[in-house]
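Commentary on secondary and tertiary structure
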Amino acid sequence: MKSKYMGRKARLTRREMLGTGALAGVSVALAGAVEAAPRAGIPDSWDEEVDVVVVGTGFAGLAAAIEAAKAGASVALLEKMRTPGGNSIISGGVIAAAGSPMQAEEGIEDSVDSLYDDMMKAGLHLNHPKLARIVAEKSVETVQWTIDELGVEYRGLTHMGGHAVPRSYSLSAGSGSGIIVPQLNKLKEMGVEPRTRTLLKHLIRDAEGRVVGVQIHEKFKHPNMDSGKPKTIRARKAVVMATGGFGSDPDFRMLQDPRLGGDLDTTNHPGATSEALREAMNIGCVLIQPSWIQLGPWTSPDERGFGYAPHFVQGVSASFGLWIDTLTGKRFVNELADRKTRADAILAAGNKCIAMSDAEGYAKGSAGRPTDTLDKMKANGVLMEYATLEDMAAAHDIPLEALQATIDTFNQSVDAGVDSDMKRYFPNNVGKIGTAPYYVVRLSPKIHHCMGGCGINEKAQALDVVTGDPIPGLYVAGEASGGVHGASRLGSCAYADCLTFGRIAGQNAAAEAG
Amino acid sequence: MTIPTKLRRMFWASGFFAVCLVLVSICFPSSLVGQNCGIPGYTGSEQICAPANGGLGIVLASDSGDRRRSRQQKGEEGHSGNAFSVLGKCSSCHLEDPVLPEGHVATVEMPLAHCRTCHTPKRPMSLAGKMPLDHKHALVGFGCVACHSEEAPFEEPEMEVCLTCHGTLAQLAARTDPSLHANPHGSPHGAPYAECTLCHWQHEESEDYCATCHDFDFALP
């Protein structure tokens, strides 16, 4: 049976995304009578009242809900999909922390300034400095919070591309569920459970400009924007919007970057669509830097989505193997460069590149991973194994002589302790390449993260498009906000951003006068 | 001789299964001891047991399910009845619409156990994905109130209702076909990705939620 997917295959039409008009049960003030983008007015009576409404159940939304509930606020936690966690729960499982206890154990020197500098450099200095600095400054505190308050478990440090040193805590769970599930458990203890299949339809702003509540659709069925039953919730203190990015929304993507159309695959879950951001704009939020949409460089055309490939391409090949342009047999980028640099390089090389390692490199890079990962990747067709370098070159049409020369140069670099070719960081246990069998994953970048979003200040307050001042009663955190990462986000910095600003948003929302 | 519908339903809902259970326990004496229901050709492990009170029909071993299920099995009126007016009689609802392939054996009065003598689970002839799950439940005698309340509103039941019969998530993961290269009941994305209703729907076609991101292509019931 081929099931009918409701994911990326069911593209949202522009009409569906924009909605079709005002809904029953809400009196509508039509500003300028633009029927295609109605603002919801204040209802005659609210169906429900709480202190804080949190929209979205990824890292940011759950962190906001935890902090708001901890401060004594009543919380309505909304999730439009059938399952909580958004992109966070399916993400790669690494969080940056500069100057951490685990780094100290391994003798790695690091600092807040170093992380901040790395973020700014990768972000082409388009990052809003105050926001980026908050993430860097609070990175250790945030990781410690997940350990102390949530009981999250980590298995070690990983060196992510664009970071000066290994500083990313890797979750034992191997995916974002290692934080999301403890967050959900914590919330359950506090009496807060996500209301799944609940769509944010409208943010409701009063005459003074304050966001005072939301209109939602219960029993929403993604991706039908008209499905579900309308209901209103008054937020006595504030609304926190943590609705994520728009990586799975080709129409909105193409509005921001016309090159990123519907044919491109994405690592995002099918609910990563733009309707909440559109509504935020509709009530006067300012969208900043939305054209900066990141492609992940470690994905494969031989499987859909994030898949297995990054485990090998980033975890193994980037530190212990090589990335090769099959046309030339040469390396074409520092395998540990930031994501934008690497994705751009793959595309510039004609999108015909591979990541490879030998058997020893595989063993080093996959230490601590489930032992059946290799078999799964082979069974899935994403990872190919070759008995000799000649077989590998033939299978991928790589000029053998050039390939051998590339490997010889790399091995000399290993002996010298410095990567003469690309200046790549060498871990202590980096080794020469030459032990069969050889492993290959083909490379093809996929849409991964939206750097742009609602403009916010250091308190996570949304900024008004007309005045530039904070919009009272509205906080935005996580991928739905913009500015922290500038042109390109470093790996493992989304966790730090989402959890840090999610907590800030939740604390400040709960502290508002009710 | 015409038997009133209600009487026939009572017959099938109670006596037939009692006979089946007796026959099964004779033919497969060990099968009722463990979790397996002992239906020939059926490899699942739903807890289908004879009630302790000596009554007839299928009830659950758990306390929470007993009351509803045994009443349902008595064929009481309203929503407590089975979905089929006559077990396996497609035309009860589908009228003249052909829902079975041409030449299919007559299904009237056939319980799921008998369907499975040909449609062996996890084999090419499996019924997985070929009919709505509420039909399968009805064919083993579980109608609306087995999962829903007796009166409106008929909300989506909690996952515990499913697990009462189907076992814990860990048990489900252990039962899942080991030849698959990913276990849909043991996702690395954690328990939220093992919510039954993420994939298995009763009243419309089930959906492979994993396939929104992966190429797994599970043949799910």
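Bear in mind the structure is a predicted one, so any value in this text is a computation, not a measurement.

Here we look at helix H11 (residues 339-348) of chain A
Residue and element names in this part refer to chain A. Within the sequence span of H11, burial applies to Arg-339, Arg-342, Ala-343, Ala-345 and Ile-346. An end-on view of H11 places all buried positions within 160° of arc, on one side of the element. Of the surrounding elements, those touching the buried residues of H11 are strand S10 (293-296), helix H10 (309-320), strand S11 (322-325), strand S12 (353-358) and strand S15 (446-450). Between a side-chain oxygen at the N-terminus of H11 and the backbone nitrogen of Lys-340 the separation is 3.1 Å; the capping residue is Asp-338. Directly after H11, the chain includes Gly-350, whose backbone phi takes a positive value near 90°.

Digging into unusual backbone geometry
In this structure, the amide linkage connecting A:His222 to the following residue, A:Pro223, adopts the cis form with an omega of 5°. Topologically, A:Pro223 is positioned in the loop between strand S7 (211-218) and strand S8 (229-241). The peptide bond linking B:Ala152 to B:Pro153 adopts the cis configuration, its omega dihedral lying at 0°. Looking at where B:Pro153 falls in the secondary structure, it is placed in the loop between helix H5 (133-139) and helix H6 (159-166). Even without being a glycine, A:Lys219 presents a positive backbone phi close to 60°. With respect to the helices and strands, A:Lys219 occurs in the loop between S7 and S8. Exposure remark for A:Lys219: the relative accessible area of 48% places this residue in the partly exposed category. Not every positive phi belongs to a glycine, and A:Ala460 is a case in point at roughly 70°. Relative to the assigned elements, A:Ala460 resides in the loop between strand S16 (453-455) and strand S17 (461-463).

Overview of the environment of A:Thr328
Residues and elements named next belong to chain A. Mapping Thr-328 onto the fold places it in the loop between S11 and H11. Thr-328 sits in the partly exposed class, given a relative accessible area of 34%. A C-alpha to C-alpha distance of 6.6 Å links Thr-328 and Pro-399, two positions 71 residues apart in sequence. Once residues within four sequence positions are removed from consideration, Thr-328 is found in contact with Pro-399 and Ala-402. A polar contact is formed between the side chain of Thr-328 and the backbone nitrogen of Lys-330, at a distance of 3.1 Å.

Quick look at helix H4 (residues 112-122) of chain A
All names here are of chain A. Residues of H4 that are buried include every one of Ser-114, Leu-115, Tyr-116, Asp-118, Met-119, Met-120 and Ala-122, and no others. For H4, the elements touching its buried residues are helix H5 (129-137), helix H6 (139-148) and helix H16 (493-511). Directly beyond the C-terminal end of H4, a positive phi value near 55° is found at Leu-124.

So, the state of the cysteines
Under the counting rule described, the total for this entry stands at zero disulfides over all chains. Cysteine B:Cys118 is unpaired, with the sulfur of B:Cys115 as its nearest cysteine sulfur at 9.0 Å.

Focus: the confidence of the model for chain B
Low pLDDT marks regions whose predicted coordinates should not be analysed in detail. Overall, the predicted model of chain B reaches an average pLDDT of 67, with 62% of residues at or above 70. A low-confidence stretch, residues 1-83 of chain B stays under pLDDT 50, and its non-local contacts, those more than four residues away or across chains, total 127 contacts.

Overview of the nonpolar core
Residue and element names in this part refer to chain A. If you look at the biggest cluster of nonpolar residues, it comprises 106 residues, and the most contacted ones within it are Val-53, Met-241, Leu-474 and Phe-501. Per-element accounting of this core gives the leading share, 10 residues, to H16. If you look at the next biggest cluster of nonpolar residues, it comprises 30 residues, including Ala-355, Leu-383, Tyr-439 and Leu-443.

Thoughts on the packing of aromatic side chains
Applying the stated criterion to the full structure yields eight aromatic pairs over all chains. Ring centres 5.2 Å apart and planes at 90° place the aromatic pair A:Tyr154 and A:Tyr169 in the edge-to-face group. Taken together, the residues span a long stretch of sequence, with A:Tyr154 in strand S4 (residues 154-158) and A:Tyr169 in strand S5 (residues 168-171) at a distance of 15 residues. A:Tyr169 shares its class with A:Tyr154; the two are buried. Here the aromatic rings of B:Tyr193 and B:Tyr209 are separated by 5.9 Å at their centres, their planes lie at 65°, and the arrangement is edge-to-face. Of this pair, B:Tyr193 sits in the loop between helix H7 (169-175) and helix H8 (196-199) while B:Tyr209 sits in the segment after H8; the two residues are 16 residues apart in sequence, bridging distant segments of the chain. Residue classification places B:Tyr209 among the buried residues on the basis of a relative accessible area of 8%. Members of the aromatic cluster, each reached through a chain of ring pairs, are A:Phe312, A:Tyr362 and A:Tyr439. Stacked on the ring of A:Tyr116, the Lys or Arg A:Arg133 has its end atom at 4.2 Å from the ring centre.

Basis of the calculations
Residues numbered from 1 in each chain as written. Chains lettered and ligands numbered in written order. Predicted model: local features only at pLDDT ≥ 70, side-chain atom pairs only at ≥ 80, totals over all residues. Heavy atoms only, no water. Buried < 20%, exposed > 50% of the residue type's maximum accessible area, 1.4 Å probe, protein only. Helix = DSSP H or I, 4+ residues; strand = E, 2+ residues; numbered from the N terminus. Arc of directions from axis to C-beta. Contact = heavy atoms within 4.5 Å. Polar contact = N/O pair within 3.5 Å; in protein donor to acceptor, adjacent residues only side chain to side chain. Disulfide = S-S within 2.5 Å. pLDDT = per-residue confidence, 0-100. Core = buried A, V, L, I, M, F, W, Y, C linked by side-chain atoms within 4.5 Å. Phe/Tyr/Trp six-rings, centres within 6.5 Å; stacked < 30°, edge-to-face > 60°. Lys NZ or Arg CZ within 6 Å of the ring centre and 35° of its normal.

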